[in-house]
Amino acid sequence: MTTGPSIRFILNADIVETNVAPGMLALDFLRNQQRLSGTKEGCREGDCGACTVLVGKLNEGGLMKYQPMTSCLIPMGELNGKHLVTIEGLDNEKLSTVQATMVDCGGTQCGYCTPGFVMSMTGWILDTAKPLNSKGLNNAISGNLCRCTGYKSIRTAGQQITDKLIGLDDHCDRIATLCGCSELPAYFLGIKKRLEDLSESDNLPYSPAENAIPIAGGTDLYVQQGEQIPEQPINLIHLSSPVEAAKVINNSIQVDARMSFEAFGDDPIIQEAIPGISGYNKLIASWPVRTRATLGGNLCNASSIGDITCLLLALGAEIDLMGNKKHHSLPLKEFFLGYHKTNKNQEEIIATIRFPKPSENTFINWEKVSKRLSLDIATVNSALSIEVKDNRIVTANLAIGGVAETPLFLSKTSAFLVGKEISIGLVFEANSLAQNEFSPISDIRGSAEYKRLLARQLILAHFVKGFPEQIREEVVYETLR
């Protein structure tokens, strides 16, 4: 197996130094080399949550931040200088509230999924940004599947956790508080200083091999090439420089393409620009996957049903491509050439993504239909960004996915809307025009006729949600009878 430079990190309470291949999965390292079998191997695709761990790192403010991640999608090289916590790392003199409530409420049967649930719930109570209520619980365990309990007992355990810990101050030193009441082992108190010392002593330069596979979140690549990647040279592009927060430059919002879905949804600039982004995120992926999946990765996968892709198309995004020979910009709508084919060279990566800062009169909406209510691949998705003044449309960008080989920007329909007054007649006319801009095919997710129906309904949903006074839902339904 390919080996790499020394990787130094803290595993539970111990410093570990290893020369395993940087592309090796943390799941395999934990189970096969460290014999930490509490981290279970399930789907190896990030879907089931059985292998969930906590990854802690020092943020820019010098505070520790822990996030749940599925270890089947974490390359070992990315753990350098971080704190990796497995279920064994939560061992204490007595059970934590999370562990005890799972026992008391019968939240486990076969037990295979239980470590993942405990890790996700522990990540939840560690995160001051996540509310200690039922919504916070649902977000916390969104990436964990159980085939035995029916979830009722697990949710009951979660409710007891909120009842017992609801008094935690959102602005307190959460780690110190949880250690003080034996919710975490005491060694957590020293991790910050140990990581600072580890960082100061680690002077190894990161220099990926030539023709290495670029990996950011790995949520697509490891699913597609999970058996091959550990044997190949990789370029962990997350490590080349810190991933910056969103910026406003010349009335445009610019984001680092390496930004994760979770960071994108939590960014204050993005939340102001796209008020519904937090809700959209929860329909796109589970919490552990959102901490890994990146904006650029979603674009480069070139799926016709990429959720973030569809939203960025409607925002009128441009991308900056960076390669060995040249750097250049490209409208996102010109990036997709065919099924999983993009307008970039093999050595190029997406460096940044830009889109115009929405005005106060801009309405942005994203819709998705999938087999499951959430956390599933879309059958059809659609996004609309529309600026309206005095009931007249100033700008309009309409995008749709799942109805062609590539995600589509509906240029004719978007242009048709500009300058028109909002009315039910206009919406139906625009919807008819949109139907002529694509020719769906039948596939495993639905027939061509079904996809046309979904496209029509999603476009209607944009206007019903955005302009309820002009486009009343009951009138739309009556018109469709």
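See the structure shown above.
Position numbers for residues count from 1 along each chain, tracking the sequence in the order it is written. Reporting of local features is limited, given that this is a predicted model, to residues whose pLDDT is at least 70; pairs of side-chain atoms are given and counted only at 80 or more, and all residues count toward the totals for whole chains, interfaces and linings. Side-chain metrics rest on all non-hydrogen atoms present in the structure, leaving aside hydrogens and water.

K.L.:
Looking at this model, I keep getting lost on the overall build of the protein. Mind explaining?
P.N.:
Under the DSSP-based scheme used, a helix requires at least four consecutive residues in state H or I and a strand at least two consecutive residues in state E, with every element numbered from the N terminus. Tallying secondary structure elements over the protein gives 18 helices and 18 strands in all. For 481 residues, the compact-globule formula gives about 23 Å, and the C-alpha radius of gyration of the protein, at 24 Å, lands near that figure. Summarising its shape, the C-alpha atoms of the protein cover approximately 70 × 55 × 40 Å along the three principal directions. Here a residue-residue contact requires only that any non-hydrogen atoms of the pair lie within 4.5 Å. Across the protein, the fraction of contacts at a sequence separation of at least 24, relative to all contacts at a separation of at least 6, is 62%. In the protein, which carries 45 positive and 53 negative side-chain charges, the distance between the mean positions of the two groups comes to 3 Å. The size measure is the radius of gyration over C-alpha atoms, and the globule rule it meets is 2.2 Å times the number of residues to the 0.38 power. Positive residues here are Lys and Arg, negative ones are Asp and Glu, while His and the chain termini are left out of the count. By convention, the point assigned to a charge is CZ for Arg, NZ for Lys, CD for Glu and CG for Asp.

K.L.:
How should I be thinking about the sheet that holds strand β15 (residues 362-370) in this particular structure?
P.N.:
Consider a sheet: its strands pair through backbone hydrogen bonds, and that pairing is either parallel or antiparallel. A sheet is described by the order of its strands in space; here four strands give the open sequence β15-β16-β17-β18, paired in antiparallel fashion. The outermost strands of the open sheet, each flanked by one partner alone, are β15 and β18 (408-409). Where strand β17 (residues 392-401) and β18 come together, two bridges link them in antiparallel fashion. Each bridged residue has a counterpart across the sheet, and for Ala-399 the counterpart in β18 is Phe-409. For helices, the fitted axis covers only the stretch in contact; all axes are lines through C-alpha atoms, and the angles between them, taken along N-to-C directions, range from 0 to 180 degrees. Docked against the sheet, helix α17 (residues 448-466) engages β15, β16 (378-389) and β17, running at close to 145° with respect to β15. Two strands qualify as a pair provided DSSP detects at least 2 bridges between them.

K.L.:
Explain the side chain of Asn-281 here, please?
P.N.:
Looking at the secondary structure, you find Asn-281 in helix α11 (residues 277-284). Assessed through its relative accessible area of 3%, Asn-281 is described here as buried. Any residue under 20% of the maximum accessible area for its type is buried, any over 50% is exposed, and the rest in between are partly exposed; the area is computed with a 1.4 Å probe on protein chains only.

K.L.:
Sorry if this is basic, but what is going on with the nonpolar core here?
P.N.:
The tendency in soluble globular proteins is for nonpolar side chains to be buried as a group. For the purposes of this section, nonpolar cores are sets of buried Ala, Val, Leu, Ile, Met, Phe, Trp, Tyr and Cys residues that join through side-chain atoms within 4.5 Å. In terms of nonpolar packing, the biggest core is built from 41 residues, with Ile-274 and Ile-353 touching the most fellow members. In terms of residues, this core owes the most to one element, helix α14 (residues 307-314), which gives six residues. What Ile-353 contacts, discounting residues up to four positions off in sequence, is Ile-253, Gln-254, Val-255, Ala-257, Leu-295, Gly-296, Leu-299, Leu-312, Ala-317, Glu-318 and Ile-319. Formed by 37 residues, the second largest nonpolar core is a distinct cluster that contains Val-98, Met-121, Ile-125 and Leu-126.

K.L.:
Could you clarify how one ought to interpret the environment of Thr-219 in this entry?
P.N.:
Within the secondary structure, Thr-219 sits in the loop between β6 (213-215) and α8 (221-225). The spacing of Thr-219 and Glu-45 is 174 residues in sequence and 7.6 Å in space, taken between C-alpha atoms. What Thr-219 contacts, discounting residues up to four positions off in sequence, is Leu-73, Val-289, Arg-292 and Ala-293.

K.L.:
I'm lost on the sheet that holds strand β14 (residues 349-356) in this one. Help?
P.N.:
In space, the five strands of this open sheet follow the order β8-β9-β14-β10-β11, with antiparallel pairing throughout. Edge strands, defined here as strands with exactly one partner in the open sheet, are β8 (247-249) and β11 (327-331). On average, adjacent strands in this sheet sit at an angle of 30° to one another, irrespective of strand direction. Pairing analysis gives three bridges linking β8 to strand β9 (residues 252-256), with the strands arranged antiparallel.

K.L.:
What is the right way to read the packing of aromatic side chains from this model?
P.N.:
Aromatic rings considered in pairs are described by the distance between their centres and by the relative angle of their planes. The rule is short: rings of Phe, Tyr and Trp, with Trp giving its six-membered ring, pair when the centres are within 6.5 Å, and they are stacked under 30 degrees, edge-to-face over 60, tilted in between. Evaluation of the coordinates by the stated rule reveals seven aromatic pairs. Their ring planes at 65° and their centres at 5.9 Å tell us that Phe-363 and Phe-467 sit as a pair that is edge-to-face. With Phe-363 in strand β15 and Phe-467 in the loop between α17 and α18 (473-480), the pair connects residues that are 104 residues apart, well separated along the chain. In this structure Phe-467 comes out as buried when scored by relative accessible area, which is 9%. An aromatic cluster is present here, built from Tyr-66, Tyr-187 and Phe-188 joined pairwise through their rings.

K.L.:
When you look at unusual backbone geometry in this model, what are you seeing that I'm missing?
P.N.:
Most peptide bonds adopt trans geometry, and most residues besides glycine take a negative phi value. Within the chain, Asn-250 stands out as a residue other than glycine whose phi angle is a positive 50°. The exposure class of Asn-250 is exposed, given its relative accessible area of 74%. At Asp-390, a residue that is not glycine, the phi angle is positive and equals roughly 50°. Residue placement: Asp-390 occurs in the loop between β16 and β17.

K.L.:
Just checking my understanding: could you explain the pairing of β14 for this structure?
P.N.:
Side chains on a regular strand alternate between the two faces of the sheet. Relative to β14, β9 runs antiparallel, the two sharing five bridges. When the sheet's bridge partners are listed, Ile-253 is paired in β14 with Phe-355. Sheet topology places strand β10 (residues 318-322) next to β14; five bridges connect them, and they run antiparallel. Counterpart to Asp-320 in the pairing with β14 is Thr-352.

K.L.:
Would you mind going over the state of the cysteines with me for this structure?
P.N.:
A covalent bond between the sulfur atoms of two cysteines is what we call a disulfide. Criterion for a disulfide: a pair of cysteine sulfur atoms at a distance within 2.5 Å. Under the counting rule described, the total for this entry stands at zero disulfides. With no disulfide of its own, Cys-48 lies closest to Cys-43 among cysteine sulfurs, the gap being 3.8 Å. Cys-51 supplies the cysteine sulfur nearest to Cys-72, a cysteine that is in no disulfide, at a spacing of 3.8 Å. Look at Cys-72 and you get buried, because its relative accessible area is 2%.

Honestly, it's all geometry; don't read function into it.
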